[in-house]
Amino acid sequence: MPSITIFGKEFIIKQLRAPRFKKQFTLATPPPWYRNPGALSEGQVAQIMRLSAVAVRSRGKRLKELMAEVKAKASGPTGYRKVKERIYLPRIGRILTLAEKYGIPIPEELRTARPVPVTAPAVPRIRE
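Residues numbered from 1 in each chain as written. Predicted model: local features only at pLDDT ≥ 70, side-chain atom pairs only at ≥ 80, totals over all residues. Heavy atoms only, no water.

Engineer: I'd like a description of the pattern of salt bridges, backed by residues and values.
Structural biologist: Taken as a whole and judged by the stated rule, the model has three salt bridges. In this structure, the salt-bridge partner of Glu10 is Arg35, at a minimum N-O distance of 3.1 Å. Of this pair, Glu10 sits in strand 2 (residues 9–15) while Arg35 sits in the loop between strand 3 (25–28) and helix 1 (42–57); the two residues are 25 residues apart in sequence, bridging distant segments of the chain. Glu69 is paired through a salt bridge with Lys61; the nearest N and O atoms lie 2.8 Å apart. Counted as one network, the salt bridges with shared partners bring together Arg57, Lys61 and Glu69. (Salt bridge = Lys/Arg side-chain N within 4 Å of Asp/Glu carboxyl O. Helix = DSSP H or I, 4+ residues; strand = E, 2+ residues; numbered from the N terminus.)

Engineer: Describe the sheet that holds strand 2, naming the residues involved and giving the relevant values.
Structural biologist: Read from one edge to the other, the open sheet built from three strands follows the order 1-2-3, with strand pairing classed as antiparallel. The open sheet has two free edges, formed respectively by strand 1 (3–6) and strand 3, since each of these has just one partner strand. Mean inter-strand twist for the sheet, computed between neighbouring axes without regard to direction, equals 35°. As judged from the four bridges shared by strand 2 and strand 3, these two strands associate in the antiparallel manner. Note that in strand 3 the partner of Ile13 across the bridge is Leu27. (Pairing = 2+ DSSP bridges. Axes fitted to C-alpha atoms, helices over the stretch in contact; angles between N-to-C directions.)

Engineer: Outline helix 3 (residues 93–102), supporting the account with residue identities and numerical values.
Structural biologist: Listed in full, the buried residues belonging to helix 3 are Gly93, Leu96 and Ala99. Each buried residue of helix 3 sits inside an arc of 120° when the element is viewed along its axis, so together they form one side. Residues of helix 3 that are exposed and angled more than 90 degrees away from the buried face: Arg94, Ile95, Lys101 and Tyr102. Following helix 3 by one or two positions, Gly103 has its phi on the positive side, about 80°. (Buried < 20%, exposed > 50% of the residue type's maximum accessible area, 1.4 Å probe, protein only. Arc of directions from axis to C-beta.)

What is shown is where atoms sit, not what they do.
Next comes the structure, spelled out in structure tokens:
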């Protein structure tokens, strides 16, 4: 990919091919692994290998067939995801953590609160 340096910051030049674009080119910030493949994680490398294998096997196929094969063979987990450890805290766990950090005394009734797992809220998926 061609790149350009503007005011000391590097940008990559992307060609816009779709007919809906009025401009032919645009500038984009390069990804963290640009010119440094060593910055890719194990999962990213595994996914690149899966997609490359599907691309080699499906040479000459139509886009619809290619997309079906990619969905069937190169989608899904790679097995390299880091397992997120569940942290069991009371409902006011964040407040208690801050209280300990600031040195504020915590009443014993709050220390014996029933623990509840704290996880990120689920994001609804939009299906077509």
